[in-house]
Amino acid sequence: MLSIKALQASVDGKSILKGLDLEVGAGEVHAIMGPNGSGKSTLGNVLAGREGYEVTGGSVTYQGKDLLELEPEERACEGLFLAFQYPVEIPGVNNTYFLRAALNAQRKHRGEPELDSVAFLKLVREKLKVLDISDDLLHRAVNEGFSGGEKKRNEIFQMAVLEPQLAILDETDSGLDIDALKAVAEGVNRLRSPDRSIVLVTHYQRLLDYIEPDKVHVLAGGRIAASGGPGLAKRLEEEGYQWLEDGGIGSVDGEADKATATA
Amino acid sequence: MSALIDQVRDIAANATAPDWPAWATQLRERGAQAFIRHGLPNARVEAWKYTPLNRRPFGDVVVVAGERATDLPEPVHGLGDVTRLVFIDGVLAGVDGELPKGVNVTALAEAIAADASRNGEAGELAEWLAEPPTEHAGDALSALNAATLGAGAVITVEPGVNAGRIALEWHATATGRGTGDQPLVNSRLCVALGEGVRLSLHECFATDGDSYADHNLITQVRLSKQAQLTHSRLQTMPAEHMLIAANRVDQDAESHYQYDGLDLGAGLARHDLFTCLAGEGARCDLNGAYLPRGEAHVDYHLAVEHRAEHCTSSQFFRGVVDDHAKAVWNGRVHVLPGADNTEALQSNANLLLSRDAEVDTKPELEIEADEVVASHGATVGQLDETAIFYLRSRGLDEALARELLIGAYCQAAVDRAGDEAVRERLTTELARYTGVGE
């Protein structure tokens, strides 16, 4: 699904990613954890194609294509979805209109017929029901005046409608109280499927109490410093990120997790 | 320019119409003399500083005999089943549909001639027509309009009538569009609403076909106590056209005037909105959006005079200026001595999309009373790149993402439109203009 090799990227001339390797298979859920400033959000933004994030080396192959060659909208149309850490408020643009335009752009790209407003509304109501989200969301402007929790739910809702093949959730848990966190996690779990890969970027372990990943990676200093199973996340929670820098990587070998240092 | 002056001189020499009262002839003569004296305003005239007209080509002034057309052109108002007042070359060509009881529409030339029956004495209409339509007395374009006085209409509504919605369409007959010497049409509307009257008046312009003309319009409005006028103007003229429109509104106590403008066309559009809040508790809301592209030029000059207590005024304008286009916004609020408990809000926000685009915005506030709540803000910014990326990350291409944001920015002004049907119409036209559709 996604193959990242020796990826290097910089922002404002400052090197952030320094040779990152990551393989995500179809249907897998990967968690990428790491301390502040380790490059977590940079990874999400580079994959989505945001301006200002300059790739200086390495490669990203997505479904056999060179992802870095594509415009942001082409990546979206190819099935990549980034749930923003800070979803953008867009006054005056109706949520429903926006989402329908997005879905139809993607359908057009795939050579499928566009949905008219009746068919679209039907689809949207189904998704809302599944995610247990109130439909007043549809009548509001994109994220305008939404609470932190509503914004994150809206991201998951968009994801549910757009049905991406690869979803990158950038700190979707940040700023959420426990109820909102549970709701968002449940939404994500419902979208797990054998043909959808999910990359969870997070600072805290607590999201992983609700979404169990197949693999956990620790990002530090712009590289994957360690990889393992869910137990790795627990260990990070207990011991903090400091032990990584203390050279503790070698001790991450919980049998169930088969953690390996890749850095 | 000199050709125009020569023509106005000719018009002045033939100012006398056989069945006209002396005062009307004098108005024409005075207008002609003032115009000959001033000429078209150049950049040294303060009110026209950013919109000098002296370098713009002017075609012949159209002087129409005032005959009514037999066949009216197809409707362009897009409001469904409403009565429309059709103007061709500035002259009232006909009323299409039925006017509600208590609503009277008379061609201006007829109204003037009727005044003659009163032994040539200057009556109410004479005084009304002699009022300066802008804040600046001696305006050259108003003088030019006066010099050709005759085309237009008087609309009066009797007290207590809910007159509903009326469309007002500006059509033209001249052909050979794009030849660069489009004729200039002058016309004048006088609108008087009696006590408690409600009316929505929607102005729009014929845009298709081969016919074309520049328009220099004056609209004079008088609102009696508690009268409400919602006045909208959808300006979609082709790029080679010019619109000069001066509105003057005099408001009695507790009356409400609302202006909802949307400028999507014209090479040059100038709107003067001059509102006098003369009775206690009167209110005016002036809203508009303008989106000039190419070489277009839009100029809004607003002036609100608070002359009485407990009056409220708001000005809310949004602009998006692209390519080599230029926008001018001058919003003035003047609170006169004694006009206490005034509330005046002003907001003008603009997006500049190109290096060659220009916005000149200037809110002005002059307060000579106590107990005044006033706020004003003017901004010039760019499209939010983060928002563009957000939209693109969901699959919208960059062009659509930009247009969506442009439309949304201006929609904030359109959403304030006082008449729901007009609001829908403006929304549709805005979406069509930005190419977003639906």
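This write-up is about the structure you can find in this document. (Residues numbered from 1 in each chain as written. Chains lettered and ligands numbered in written order. Predicted model: local features only at pLDDT ≥ 70, side-chain atom pairs only at ≥ 80, totals over all residues. Heavy atoms only, no water.)

1. Quick look at the overall build of chain B
Then, in step 1: Across its full length, chain B holds 8 helices and 19 strands.
Then, in step 2: The globule rule puts the C-alpha radius of gyration for 438 residues at 22 Å, and the 21 Å found for chain B is close to it.
Then, in step 3: Here the C-alpha coordinates of chain B stretch approximately 75 × 55 × 45 Å along the principal axes.
Then, in step 4: Residues counted as buried form 59% of the 438 residues belonging to chain B.
Then, in step 5: A separation threshold of at least 6 residues defines the contact pool for chain B, and within that pool the share at least 24 residues apart is 83%.
Then, in step 6: Looking at chain B as shown, the accessible area adds up to about 16900 Å², and 45% of this sits on carbon and sulfur atoms. (Helix = DSSP H or I, 4+ residues; strand = E, 2+ residues; numbered from the N terminus. Rg over C-alpha atoms; globule rule 2.2 N^0.38 Å. Buried < 20%, exposed > 50% of the residue type's maximum accessible area, 1.4 Å probe, protein only. Contact = heavy atoms within 4.5 Å. Areas by Shrake-Rupley, 256 points an atom, 1.4 Å probe, with all protein chains shown as cover.)

2. Regarding the overall build of chain A
Then, in step 1: The helix and strand tally for chain A stands at 8 helices and 12 strands.
Then, in step 2: In terms of overall size, chain A behaves like a compact globule, its C-alpha atoms giving a radius of gyration of 18 Å where 263 residues would be expected to give roughly 18 Å.
Then, in step 3: The burial tally for chain A puts 53% of its 263 residues in the buried class.
Then, in step 4: A separation of at least 24 residues holds for 68% of the contacts in chain A among residues at least 6 apart in sequence.
Then, in step 5: Total accessible area on chain A is roughly 11400 Å²; 47% of this is exposed by carbon and sulfur atoms.

3. Here's the deal with the sheet that holds strand S4 (residues 53-62) of chain A
For sheets, the rule is that strands pair by backbone hydrogen bonds, running either parallel or antiparallel.
Residues and elements named next belong to chain A.
Then, in step 1: Taken in spatial order, the 4 strands make up an open sheet running S2-S1-S4-S5, and their pairing is antiparallel. Where the open sheet ends on each side, the last strands, each with one partner, are strand S2 (14-24) and strand S5 (65-66).
Then, in step 2: Sheet topology note: the strand S1 (residues 2-11)/S2 ladder contains 8 bridges and is antiparallel. Following the sheet pairing, Val11 is matched in S2 by Lys14.
Then, in step 3: Across the sheet, helix H1 (residues 40-48) lies against S1, S2 and S4, angled at about 110° from S1, the strand it touches most. (Pairing = 2+ DSSP bridges. Axes fitted to C-alpha atoms, helices over the stretch in contact; angles between N-to-C directions.)

4. Re the side chain of Ser10 of chain A
Then, in step 1: Along the chain, Ser10 of chain A falls in strand S1.
Then, in step 2: Excluding its chain neighbours within four sequence positions, the residues that come into contact with Ser10 of chain A are Ser15, Ile16, Gly52, Tyr53, Glu54 and Thr56 of chain A.

5. Some words on the interface of chain B and chain A
Then, in step 1: Contacts between the two partners involve 19 residues from chain B, matched on the other side by 33 residues from chain A.
Then, in step 2: Between chain B and chain A, a total of about 2000 Å² is buried, with carbon and sulfur atoms accounting for 64% of that surface.
Then, in step 3: Summed over the shared surface of chain B and chain A, the number is 3 salt bridges.
Then, in step 4: In this assembly, chain B and chain A are joined by 10 residue pairs in polar contact (both at pLDDT 80 or more).
Then, in step 5: For the side of chain B that touches chain A, the secondary structure elements donating two or more residues are helix H6 (385-392) and helix H7 (398-414) of chain B.
Then, in step 6: The biggest single contributor to the side of chain B that touches chain A is H6 of chain B, with 6 residues.
Then, in step 7: In terms of residue class, the side of chain B that touches chain A is made up of 9 nonpolar, 4 polar and 6 charged. (Buried area = accessible area lost by both parts, 1.4 Å probe. Salt bridge = Lys/Arg side-chain N within 4 Å of Asp/Glu carboxyl O. Polar contact = N/O pair within 3.5 Å; in protein donor to acceptor, adjacent residues only side chain to side chain. Nonpolar A, V, L, I, M, F, W, Y, C, P; charged D, E, K, R; others polar.)

6. Structural notes on the environment of Arg416 of chain B
Residues and elements named next belong to chain B.
Then, in step 1: Inspection of the secondary structure puts Arg416 in the loop between H7 and helix H8 (420-434).
Then, in step 2: Using a relative accessible area of 38% as the deciding quantity, one classes Arg416 as partly exposed.
Then, in step 3: C-alpha of Arg416 to C-alpha of Tyr259: the two residues are 157 residues apart in sequence and 9.8 Å apart in space.
Then, in step 4: Excluding anything up to four places from it in sequence, Arg416 contacts Gln258, Asp260, Asn287 and Phe316.

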